[in-house]
Amino acid sequence: MADHATTSANTPEIVLLMGPPGAGKGTQATALAEARGLTPLSTGTMLRDHVARGTELGQRAKAIMDAGDLVPDDVIVGMVRAELEAADPPRFLLDGFPRTPAQAAALDAMLAELGTQVTAAIALEADDEELVQRLLKRAELEGRSDDNETTVRNRMEVYRQQTQPLLEYYEGRGALKRVDGIGSIEEIQARIREVLP
Ligand code: AMP
């Protein structure tokens, strides 16, 4: 079984946390990043921060996010590139990136430049019914402006069309780890740690 001792703070490590909206990526990210000594990087959180600060990027992104659509690839890749290049060695837990084939290709190219590659892609899985329930509950608790029912449905559809095909991409190279996303936070965290190299 993989454990903390098998990862070293001096080696690059890039773990992707993937899965549909509501699968629990954000919830698992903090504990997992801490356990592996990784910096958590959520493109959604970075974008929400831009929106809150009213930056030019935030102003452009807000309407797209509120509709549940994807922010253009070049904007997202630029944000991630800045973080990857500033770290030595790059040790990141990427939550919500990549979301399109173009982003996955850009990530591969950036990592190749840094002399590394994706360590593992974790796919958190849950059925649609469970996902919608969770998202609507989160809408009540957190008041995220993109958690209303219309947006939730669109985000699911966007995930299915643009992001889900990436799972096969990582599966094809043996990096995909599918994890059952139904259970307590601790149970799911344990499953994730079990499958990591
Ligand atoms: P999240 O918090 O990951 O669910 O992201 C919230 C919203 O931010 C998404 O619905 C998109 O509008 C936008 N977003 C976050 N990450 C990306 C990404 N990698 N590519 C495009 N848009 C993104």
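For the structure itself, consult the block above.
These numbers were taken from a predicted model, which means no experiment stands behind them.

### Quick look at the side chain of glutamine 189
Here's step 1: Assignment of secondary structure puts glutamine 189 in helix 9 (residues 185–195).
Here's step 2: Overall, glutamine 189 belongs to the buried group, its relative accessible area being 7%.
Here's step 3: Within polar-contact distance, the side chain of glutamine 189 engages the side chain of glutamine 28 at 2.6 Å.

### Observations concerning the sheet that holds strand 3 (residues 91–95)
Here's step 1: Reading across the sheet, the 5 strands line up as 2-3-1-4-5 and stay open at both edges, with parallel pairing between neighbours. With partners counted over all chains shown, the strands left at the sheet margins are strand 2 (39–42) and strand 5 (176–180), one partner each. When the angles between neighbouring strand axes are averaged without regard to direction, this sheet yields 20°.
Here's step 2: One ladder, built from 4 bridges, connects strand 2 with strand 3; its direction is parallel. In the sheet register, serine 42 faces strand 3, and the bridge partner there is aspartate 95.
Here's step 3: The sheet strands contacting helix 2 (residues 43–53) are strand 2 and strand 3, and the helix crosses strand 2 at an angle near 65°.

### Brief notes about the pattern of salt bridges
Here's step 1: The full count for this structure, using the stated rule, is 12 salt bridges.
Here's step 2: Each of Glu125, Glu171 and Arg178 takes part in one network of salt bridges that share partners.

### Quick word on unusual backbone geometry
Here's step 1: Following aspartate 88, the chain continues to proline 89 via a peptide bond in cis, the omega torsion being -5°.
Here's step 2: Position of proline 89 among the secondary structure elements: in the loop between helix 4 (73–86) and strand 3.
Here's step 3: Cis peptide bonds are those with omega within 30 degrees of zero, and the linkage from phenylalanine 97 to proline 98 qualifies with 0°.
Here's step 4: You can see proline 98 is positioned in the loop between strand 3 and helix 5 (101–113).

### Some remarks on the site of the ligand
Here's step 1: Surrounding the ligand, one finds 16 residues, the nearest of these being Thr43, Arg48, Asp69, Gly96 and Gln103.
Here's step 2: In the environment of the ligand, an oxygen atom lies 2.9 Å from a nitrogen or oxygen atom belonging to the side chain of arginine 48.
Here's step 3: Aspartate 69 is positioned such that a nitrogen or oxygen atom in its backbone is 2.5 Å from an oxygen atom of the ligand.
Here's step 4: Relative to its unbound accessible surface of 480 Å², the ligand loses 96% to contact with the protein.
Here's step 5: When residues in the shell around the ligand are grouped by element, the largest group, 4 residues, is from helix 2.
Here's step 6: Across the shell around the ligand, the residue classes break down as 6 nonpolar, 4 polar and 6 charged.

### Quick word on the environment of aspartate 127
Here's step 1: Position of aspartate 127 relative to the elements: it lies in the loop between strand 4 (120–125) and helix 6 (128–142).
Here's step 2: Here aspartate 127 falls in the partly exposed class, since its relative accessible area comes to 48%.

How each quantity is defined
Residues numbered from 1 in each chain as written. Predicted model: local features only at pLDDT ≥ 70, side-chain atom pairs only at ≥ 80, totals over all residues. Heavy atoms only, no water. Helix = DSSP H or I, 4+ residues; strand = E, 2+ residues; numbered from the N terminus. Buried < 20%, exposed > 50% of the residue type's maximum accessible area, 1.4 Å probe, protein only. Polar contact = N/O pair within 3.5 Å; in protein donor to acceptor, adjacent residues only side chain to side chain. Pairing = 2+ DSSP bridges. Axes fitted to C-alpha atoms, helices over the stretch in contact; angles between N-to-C directions. Contact = heavy atoms within 4.5 Å. Salt bridge = Lys/Arg side-chain N within 4 Å of Asp/Glu carboxyl O. Near = heavy atom within 4 Å. Areas by Shrake-Rupley, 256 points an atom, 1.4 Å probe, with all protein chains shown as cover. Nonpolar A, V, L, I, M, F, W, Y, C, P; charged D, E, K, R; others polar.

Spatial relationships are all this shows, so hold off on functional conclusions.
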